[in-house]
Amino acid sequence: MEGEKERGSSLLFVILLVMIFTVLLMDFAWITAKTAGNVQKNRERLRGLAAAESIHKALCTEVSSGKSTVIQALKWEAKEEEKRKQEKENEDGKEGGDIEESEYTALGKAEFGEILGEEGEENPEEWKAEVEISARFFEKKATVRTKVWYGEQEYTFYSEVTLDR
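Residues numbered from 1 in each chain as written. Predicted model: local features only at pLDDT ≥ 70, side-chain atom pairs only at ≥ 80, totals over all residues. Heavy atoms only, no water.

Novice: Let's hear about the overall build of the protein chain: which residues, and what values?
Specialist: Tallying secondary structure elements over the protein chain gives two helices and four strands in all. Listed by position from the N terminus, the elements making up the protein chain come as α-α-β-β-β-β. Put simply, the protein chain has 165 residues, and 25% of those count as buried. Total accessible area computed for the protein chain in this model is approximately 12400 Å², and 56% of it derives from carbon and sulfur atoms. (Helix = DSSP H or I, 4+ residues; strand = E, 2+ residues; numbered from the N terminus. Buried < 20%, exposed > 50% of the residue type's maximum accessible area, 1.4 Å probe, protein only. Areas by Shrake-Rupley, 256 points an atom, 1.4 Å probe, with all protein chains shown as cover.)

Listed below in structure tokens is the structure:
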């Protein structure tokens with residue numbers, strides 16, 4: 001009889017060990033799945049940040065070099081304003097301030113549409129950007145503010161650039 005008691009307690013001990021091992025494995029599987037999800041979210045966030053920064057730097061380069069259509073439009077607006085002010089001065093016989101000291105602001109929106117993914121497949125996420133450019137031609141400086149949206153993520157950049165032309 002004494003041998004049967006030991007056999008029953010050994011079986012109970014094995015069942016208890018299997019249950020503990022199963023709970024530990026389930027916890028490990030849950031932690032692994034949670035970590036994998038966080039790694040994927042972090043990867044997407046970093047990918048979006050790198051692309052948004054690249055978009056902002058490209059816009060700043062265009063603005064700085066004077067190739068941007070927005071800067072061209074702002075220059076045209078400044079020249080038109082200067083002409084109007086000079087005409088008004090000629091009519092009034094007064095001398096006005098220098099128009100180049102004014103700040104000109106333009107707003108623009110862009111949709112980048114579908115962008116190729118890492119392996120060349122198309123990415124269904126839409127990139128949207130909102131750009132605000134303020135130019136101070138007298139100081140030869142411009143301010144570029146860029147907001148870029150990628151899916152649910154939003155990135156905002158602000159730069160002060162020197163105008164080459």
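Novice: Any details on the nonpolar core? Residues and values, ideally.
Specialist: Within the largest apolar cluster, 13 residues are counted, with the highest numbers of intra-cluster contacts made by Val63, Ile71, Ile133 and Val144. Counting residues per element, the ones that place at least two in this core are helix 1 (2-65), helix 2 (69-92), strand 2 (122-136) and strand 3 (141-150). By size, the runner-up hydrophobic cluster in this structure holds eight residues, among which are Ile55, Trp127, Val148 and Tyr155. (Core = buried A, V, L, I, M, F, W, Y, C linked by side-chain atoms within 4.5 Å.)

Novice: Tell me what's going on with the pairing of strand 3, and back it up with residues and numbers.
Specialist: Both strand 3 and strand 4 (residues 153-162) contribute to a ladder of ten bridges, which runs antiparallel. Of the residues in strand 4, the one forming a bridge with Arg145 is Tyr158. Following strand 3, the chain reverses through two residues before pairing antiparallel with strand 4; Gly151 in that reversal takes a positive phi of roughly 65 degrees. (Pairing = 2+ DSSP bridges.)

Novice: Lay out the pattern of salt bridges in plain terms, naming residues and giving numbers.
Specialist: Once their charged atoms are close, side chains differing in charge can pair, the charge on each being opposite to the other. For the structure shown, the criterion picks out seven salt bridges. Arg145 is the salt-bridge partner of Glu132, the closest N and O atoms lying 3.2 Å from each other. Separated by 13 residues along the polypeptide, Glu132 in strand 2 and Arg145 in strand 3 bring together distant segments of the chain. A residue is classified by how much of its surface remains accessible, and Arg145, at 32% relative accessible area, is partly exposed. For the salt bridge of Lys147 with Glu154, the shortest nitrogen-to-oxygen distance reads 3.9 Å. When salt bridges with common partners are traced through the structure, they connect Arg136, Glu139 and Glu160 into a single cluster. (Salt bridge = Lys/Arg side-chain N within 4 Å of Asp/Glu carboxyl O.)

Novice: Outline the side chain of His56, supporting the account with residue identities and numerical values.
Specialist: Along the chain, His56 turns up in helix 1. Classification of His56 as buried rests on a relative accessible area of 5%. For His56, the side chain forms a polar contact with the side chain of Ser159, separated by 2.7 Å. (Polar contact = N/O pair within 3.5 Å; in protein donor to acceptor, adjacent residues only side chain to side chain.)

Novice: Break down the environment of Asn42 for me, citing the residues and quoting the values.
Specialist: Position of Asn42 relative to the elements: it lies in helix 1. Here Arg45 takes part through its side chain, which lies 3.0 Å from a polar atom of the side chain of Asn42.

Novice: Please give an account of helix 2 that cites residues and values.
Specialist: Given a rise of 1.5 Å per residue, 24 residues ought to cover 34 Å, and the 34 Å separating the end C-alpha atoms of helix 2 matches this to within 8%. When helix 2 is considered as a whole, its buried residues turn out to be Ile71, Leu74, Lys75, Ala78 and Glu89. (Expected span 1.5 Å × (residues − 1).)

Bear in mind that shape data such as this cannot, by itself, settle questions of function.
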